[in-house]
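Spelled out from the first residue to the last, the chains are:
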Amino acid sequence: MKDSFPRLENILTFLQSKGWTIADKTKLFIYLDPPPHYVFDEPFQYTLPAREEIVDYKKFIWYTVNSISEFYEVNFDALYNLFSQKPEDYKKMVEVMTTAETELVSWKLDPPS
């Protein structure tokens, strides 16, 4: 397992930015409901540990990141590394990526002459 590990705050920020909402929070877990536009055959929630200090946090979060990478079809290592950033660095990286993505889409819609 890698020395750094995905931060709970970053994973929550990512999922909430995709429309996931906190359905419940206990001392041990945070339960997130999917955005309304996702329809599943069975009820589905992401379950995250409530704190990074719990036993087996790293193992639990490894499986969570794997699931998120498959769900959103994103490279596991890239997502793992992104989530492993300090929360303030994660937010800066996401802002830069969002700006670059917006500029790319804008360029595709209206390419330079």
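Relevant structure appears above.
The model shown is predicted, which means the values in this text are computed figures rather than measured ones.

## Side note on the side chain of S69
Note on placement: S69 falls in helix 2 (residues 57-71). Setting aside residues up to four positions removed in sequence, S69 forms contacts with V74, N75, F76 and L79.

## Overview of the side chain of S84
Its place among the elements puts S84 in the loop between helix 3 (76-83) and helix 4 (87-109). At 2.7 Å, the side chain of S84 and the backbone oxygen of Y80 are in polar contact.

## Comments concerning the packing of helix 2 against helix 3
Contact geometry of helix 2 with helix 3 gives a least axis separation of 9 Å together with a crossing angle of 125 degrees. One element, helix 2, and the other, helix 3, form an angle in the oblique class. For the pair helix 2 and helix 3, the crossing hand works out as right-handed. The residues of helix 3 that touch helix 2, namely those facing W62, V65, N66, I68 and S69, are F76, L79, Y80 and F83. Grouping the amino acids of the contact of helix 2 with helix 3 by side-chain chemistry returns seven nonpolar, two polar and no charged.

## Section: the pairing of strand 2 (residues 29-33)
Side chains of strand 2 alternate between two faces, with I30 and L32 buried and F29, Y31 and D33 left unburied. The turn linking strand 1 (residues 21-25) back onto strand 2 is made up of three residues. Relative to strand 3 (residues 46-49), strand 2 is paired through four bridges, and the arrangement is antiparallel. In the sheet register, I30 faces strand 3, and the bridge partner there is L48.

Here is what the cut-offs are and how they apply
- Residues numbered from 1 in each chain as written.
- Predicted model: local features only at pLDDT ≥ 70, side-chain atom pairs only at ≥ 80, totals over all residues.
- Heavy atoms only, no water.
- Helix = DSSP H or I, 4+ residues; strand = E, 2+ residues; numbered from the N terminus.
- Contact = heavy atoms within 4.5 Å.
- Polar contact = N/O pair within 3.5 Å; in protein donor to acceptor, adjacent residues only side chain to side chain.
- Axes fitted to C-alpha atoms, helices over the stretch in contact; angles between N-to-C directions.
- Parallel < 35°, antiparallel > 145°, perpendicular 65-115°, else oblique.
- Left-handed = near helix turned anticlockwise from the far one by under 90°.
- Nonpolar A, V, L, I, M, F, W, Y, C, P; charged D, E, K, R; others polar.
- Buried < 20%, exposed > 50% of the residue type's maximum accessible area, 1.4 Å probe, protein only.
- Pairing = 2+ DSSP bridges.

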